[in-house]
Amino acid sequence: MTGWQTLFYKEILRFWKVSFQTVAAPVLTAVLYLLIFGHVLEDHVKVYDRIGYTAFLVPGLVMMSILQNAFANSSSSLIQSKIMGSLVFVLLTPLSHWGWFVAYVGSSIVRGLAVGLGVFVVTLAFARPEFAAPLWIVVFALLGAALLATLGLIAGLWADKFDQMAAFQNFVIVPMTFLSGVFYSIQSLPPFWQTVSHLNPFFYMIDGFRYGFFGQSDTSPWLSLAIVGFAWLAVSALAVHLLRTGYKIRN
Amino acid sequence: MPAVSFQSVSKTFHTAKGPFQALDGVSLDIEEGEFFGLLGPNGAGKTTLISILAGLARATGGRVLVQGSDVQSDYAAARRKLGVVPQELVFDPFFNVREALRIQSGYFGVKNNDAWIDELLENLGLADKATSNMRQLSGGMKRRVLVAQALVHKPPIIVLDEPTAGVDVELRQTLWQFVARLNKQGHTVLLTTHYLEEAEALCNRIAMLKRGSSGGQVVALATTSELLQAASGSVLQFKTDVALPPALAVLARVTGRIVQLPAQDAAEIESHLAALRVAGVDVHDLEIRRPDLEDVFLQVMSGTSASNIPLGEVAL
């Protein structure tokens, strides 16, 4: 294996060795959401005419799991190895900043997709899935995971302690995912909050992903693709710049 | 071409209290095949210099070349030639020893490295720990793994940053035998240590760093034998259980019961002995010896023998 492939493999191995915590636990959490919200709201909320609430909820929960776990993987790996000092083993190598980027983002996409797939498989017991436009499902799953993995990389480089990382995760990532239309269609919101939701890039990831299942969404999947794609390129440019300059890791 | 060339290296850290200059124009060359010692008190900038060499920090001024490769502009080539044993006892808790070594090999693009990994494990006394998780190892064992990790890609230059700090005698001996053998095979070794007897025994050339008003500077650069020859005077060494008179106490280096008093000439030795007799200090195992590297180091750091100590191309 080449250098970046080894780092990619090592990062996969890292989360896989603690897969109860990194894969099984988030799957269980998502399924609990489905059970509770699905049970309480199934007969009260109708989002799309022909789709039950539980079925509507599944893609949102899958995407939420993908996003949160892709972020958690790169960010926690970096902050842990920074604080424990073991990042030095990678810093001493000839790996380029591109190698770092591909390995950390790639392995975090794998973790996000592994958890997302786990959630989807378990939810098959509760709702029959549709696959109106499967390609959109794949595209948004990959792009969403990549965007959050890259954000996690930036957060991992920036944070000096676990407290800062927890703040970033709990006060930015979690609210943005919860307020992006996981549990509802933003069409059901008052006009002001609809406008606010359109400023949240997470909304476009979940909306585009959901379009892949139902062929129906709050906004055009092409617009969602453009916004999510642009956001990923922008944060990637920042992440690569930080890695190239050794921001907070080579001084 | 030198194995390592530090050229006017400066480093300023930006801290909450303002800028802090750690290194001030450090220049020195380490030749191929040398066992080179970098000595200095805490805060002199040894680890900063090593960090710049290894790519863990960036120099504010000057440059560092590893066999001609610049550590910044040609970092990949430079890092392939270096095997660095970091000072901190760090490890990745997710892996066992063999996994850690295989992963480290992979970072350098070295494939199918098990034969060399086995040799490293054998030579460092780690063969029976290959499948142990890093968390289960003692401090000394973790230190051995750090050495093995630095050597997985067979680097021509080995950098050891205080590798024997806080480790037992057995490991020190195992480690030095192994590193000395690698040096004989042609590897260049750069060592920083606080154990000056180790440096004296192992290093054929030594640089001493000292923190000046504007950061760490090279204050001595010479072969070990030149340094020892250049040291002035002798050392009066003895054991005692009694406190020294104040006039001698300020001059003496005391380690438990062992007292070492520097003396420029025979008259000063007589003067020390007279002072001990007058004070009624009961001494045992009295001897007069040549200064060792620790005496030279103390002389250089106190500035008492700057005129005698060779500085190479570096001026005070």
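Higher on the page you've got the structure.
Report on the accompanying structure. Everything quoted here is computed from the prediction, not taken from an experiment.

1. Considering the overall build of chain A
Secondary structure assignment for chain A yields ten helices and zero strands. Reading chain A from its N end, one meets helices and strands in the order α-α-α-α-α-α-α-α-α-α. Taken against the 2.2 N^0.38 rule, which gives 18 Å for 251 residues, the C-alpha radius of gyration of chain A at 18 Å falls within 12% of a compact globule. Split into buried and exposed, the 251 residues of chain A put 48% on the buried side. Put simply, of all contacts in chain A between residues at least 6 apart along the chain, 83% involve residues at least 24 apart.

2. Quick word on the interface of chain A and chain B
Across the contact, 23 residues belong to chain A and 24 residues belong to chain B. For the side of chain A that touches chain B, the secondary-structure elements that each account for two or more residues are α1 (3–16) and α4 (88–91) of chain A.

3. Observations regarding helix α9 (residues 201–214) of chain A
Residue and element names in this part refer to chain A. Counted at 1.5 Å a residue, the expected span for α9 with its 14 residues is 20 Å, and the 20 Å between its end C-alpha atoms agrees. Burial runs high along α9: twelve of the 14 residues are buried. Every buried residue of α9 is accounted for by Phe202, Phe203, Tyr204, Met205, Ile206, Asp207, Gly208, Phe209, Arg210, Tyr211, Gly212 and Phe213. Lining the buried residues of α9 we find α3 (53–84), α6 (134–158), α7 (162–178), α8 (191–198) and α10 (221–245).

4. Topic: the pairing of strand β11 (residues 234–239) of chain B
All names here are of chain B. Across the two faces of β11 the burial differs, with Ser234, Leu236 and Phe238 buried and Val235, Gln237 and Lys239 not buried at all. Taken together, the six bridges between β11 and strand β13 (residues 258–263) define a ladder with antiparallel strand orientation. Each bridged residue has a counterpart across the sheet, and for Ser234 the counterpart in β13 is Ala263. As defined by bridge partners, β11 adjoins strand β14 (residues 284–289) across four bridges and the pair is classed as antiparallel. In the strand pairing of β14, Lys239 is matched with His284.

Parameters and conventions
Residues numbered from 1 in each chain as written. Chains lettered and ligands numbered in written order. Predicted model: local features only at pLDDT ≥ 70, side-chain atom pairs only at ≥ 80, totals over all residues. Helix = DSSP H or I, 4+ residues; strand = E, 2+ residues; numbered from the N terminus. Rg over C-alpha atoms; globule rule 2.2 N^0.38 Å. Buried ≥ 20, exposed ≤ 12 C-beta atoms within 10 Å, placed from the backbone. Contact = placed C-beta atoms within 7 Å. Expected span 1.5 Å × (residues − 1). Pairing = 2+ DSSP bridges.

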